[in-house]
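For reference, the chains in residue letters:
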Amino acid sequence: MGRGFQPTWLIILIAVAIVFAGWYLWQGVQNYLRSGGLGVREVTQQARQDASATVVREMTRLMVLAPPPTRTPYPECQPFIVVVDEAIVRSSPSFDAGIVRALFDGDEVCVMFPAPSNPDWMLVDEEPRSRRIESVYMHRSLLRALEPTATPEDTPTPLSTITPDPRRLTESSTMPPFTPSGTPVASPTSALRSA
């Protein structure tokens, strides 16, 4: 081995290093030109600003296009009072349902409407001051409305009367005169039928 001999692997390693250095240098030049001459810190800060501006712009666009929320109308309740000494409030419209609590004569409750599954039971809002309906049920016979709504009465309509037209009444259109004899008088229609 002489002085002029260099190992092959060392030449290969130097060639690979030169290729990678050239590639990294080329990437750096491209990034420099894309960023407009800014450093890494400045480019990162600008990317954050661009991303947040895009998010703000998109959120603003969505907020402008979305209609404003509307309030759901709260169903009105009708005030009822308990008319028995002790009334049981149940969790569902059935005598077998769980007992929620008891109310006493004169206690006021907020009735929403008859229970859809059993109209003999009334859906009661247990806490009417909240904006939610706290559903409990009471039997209709235990309650009386404080401000009952007027119900229409069943008034009979008079029957129509028939008034004879005097122009149409003539001697020929009236009934044949009554004959006290025992022999029947033939009417024109019975004569036609027998013929």
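The shown structure was predicted, so the numbers you read here are calculated from the model rather than taken from an experiment.

**Considering the overall build of the chain**
Check the secondary structure of the chain and you find three helices and seven strands. Scanning the chain from its N terminus toward the C terminus, one meets helices and strands in the order α-α-β-β-β-β-β-β-β-α. Here the chain holds 195 residues, and 14% of them are scored as buried. Taking contacts inside the chain between residues at least 6 apart in sequence as the whole, the part at least 24 apart equals 50%. Only carbon and sulfur atoms are counted for the fraction: they give 62% of the accessible area of the chain, which is about 16800 Å².

**Here we look at helix α1 (residues 8-35)**
The terminal C-alpha atoms of α1, which comprises 28 residues, lie 41 Å apart, in line with the 40 Å expected from a rise of 1.5 Å per residue. Positioned one or two residues after α1, G36 has a phi angle of 75 degrees, which is positive.

**Some words on the state of the cysteines**
As enumerated under the stated definition, the model contains one disulfide in all. Here C77 engages in a disulfide with C110; their sulfurs sit 2.0 Å apart. Between C77 and C110 the sulfur-sulfur dihedral comes to about -135 degrees; the bridge is accordingly left-handed. Of the two residues, C77 sits in the loop between α2 (40-65) and β1 (78-82) while C110 sits in strand β4 (residues 108-114), which places them 33 residues apart along the sequence.

**Here's the deal with a nonpolar patch on the surface**
The grouping of W9, L10, L13, I14 and I18 at the surface amounts to a nonpolar patch, some 550 Å² of accessible area in total. Along the chain, the position of I18 falls in helix α1.

**Considering the packing of aromatic side chains**
One pass over the structure, following the stated rule, counts two aromatic pairs. Note on W23 and Y24: the rings are 5.1 Å apart at their centroids and 65 degrees apart in plane angle, and the pair reads as edge-to-face. Its relative accessible area of 46% is what places W23 among the partly exposed residues. Between F95 and W121, the ring centres sit 4.9 Å apart and the planes meet at 65 degrees, which makes this aromatic pair edge-to-face. Of this pair, F95 sits in the loop between β2 (86-90) and β3 (99-104) while W121 sits in strand β5 (residues 121-125); the two residues are 26 residues apart in sequence, bridging distant segments of the chain. A residue is classified by how much of its surface remains accessible, and F95, at 56% relative accessible area, is exposed.

**Observations regarding the confidence of the model for the chain**
Of all residues in the chain, 75% attain a pLDDT of 70 or more, and the chain-wide mean is 77. At the low end of the mean pLDDT range in the chain sits helix α3 (residues 188-194), at 55; at the high end sits β2, at 91.

**Focus: the side chain of H139**
Structurally, H139 is set in strand β6 (residues 135-139). Residue classification places H139 among the buried positions, given a relative accessible area of 17%. In this structure the side chain of H139 is engaged in a polar contact, spanning 2.8 Å, whose partner is the side chain of S141. Those residues in contact with H139, other than ones at most four positions away along the chain, are F95, D120 and W121.

**Some words on the nonpolar core**
Among the nonpolar cores identified, the biggest contains 14 residues, and F80, V109, V111, M138 and L143 are the most heavily contacted of them. Non-local contacts of V111, meaning those with residues more than four positions away in its chain, are made with C77, Q78, F80, M122, L123, V124 and L143. Core analysis: the next-biggest nonpolar cluster, separate from the first, contains six residues, C110, W121, L123 and Y137 among them.

**Considering the environment of R140**
Topologically, R140 is positioned in the loop between β6 and β7 (143-145). When its relative accessible area of 40% is taken as the criterion, R140 is described as partly exposed. Each C-alpha atom, one on R140 and one on P119, is 8.4 Å from the other, the two residues being 21 residues apart in sequence. The residues touching R140, leaving out its near neighbours within four places in the chain, are P114, P119, D120, W121 and M122.

Here is what the cut-offs are and how they apply
Throughout, residues of each chain are indexed from 1 in the direction in which the sequence is written. Only residues with pLDDT of at least 70 get local features here, since the model is predicted, and only at 80 or more are side-chain atom pairs given and counted; chain-wide, interface and lining totals rely on the full set of residues. Values shown for side chains rest on all heavy atoms present in the structure; no hydrogens or waters enter the calculation. Numbering goes from the N terminus for both helices and strands, where a helix is a DSSP run of H or I of at least four residues and a strand is a run of E of at least two. Exposure classes here rest on a 1.4 Å probe applied to the protein chains alone. A residue is buried below 20% of its type maximum, exposed above 50%, and partly exposed in between. What makes two residues a contact is simply this: any of their non-hydrogen atoms within 4.5 Å. Every accessible area reported is derived by Shrake-Rupley at a probe size of 1.4 Å, with residue values counting cover from the shown protein chains alone. In this analysis, the expected span of each helix is defined as 1.5 Å times one less than the number of residues it contains. Two cysteine sulfur atoms make up a disulfide if the distance between them is within 2.5 Å. Any residue with relative accessible area above 30% and no salt bridge may belong to a patch, with like charges joined within 9 Å and the nonpolar Val, Leu, Ile, Met, Phe, Trp and Tyr side chains within 5 Å. Salt bridges are identified by distance alone: a Lys or Arg side-chain nitrogen within 4 Å of an Asp or Glu carboxyl oxygen. Only rings of Phe, Tyr and Trp enter the pairing, Trp through its six-membered ring, and a pair is recorded when the two centres are within 6.5 Å. The plane angle decides the type: under 30 degrees is stacked, over 60 is edge-to-face, the rest tilted. You can read pLDDT as the predictor saying how much it trusts each residue, on a scale of 0 to 100. Think of a polar contact as two N or O atoms within 3.5 Å of one another; within protein, one of them needs to be a possible hydrogen donor and the other a possible acceptor, and neighboring residues in sequence only count if both atoms come from side chains. In these notes, a set of buried Ala, Val, Leu, Ile, Met, Phe, Trp, Tyr and Cys residues joined through side-chain atoms within 4.5 Å is what counts as a nonpolar core.

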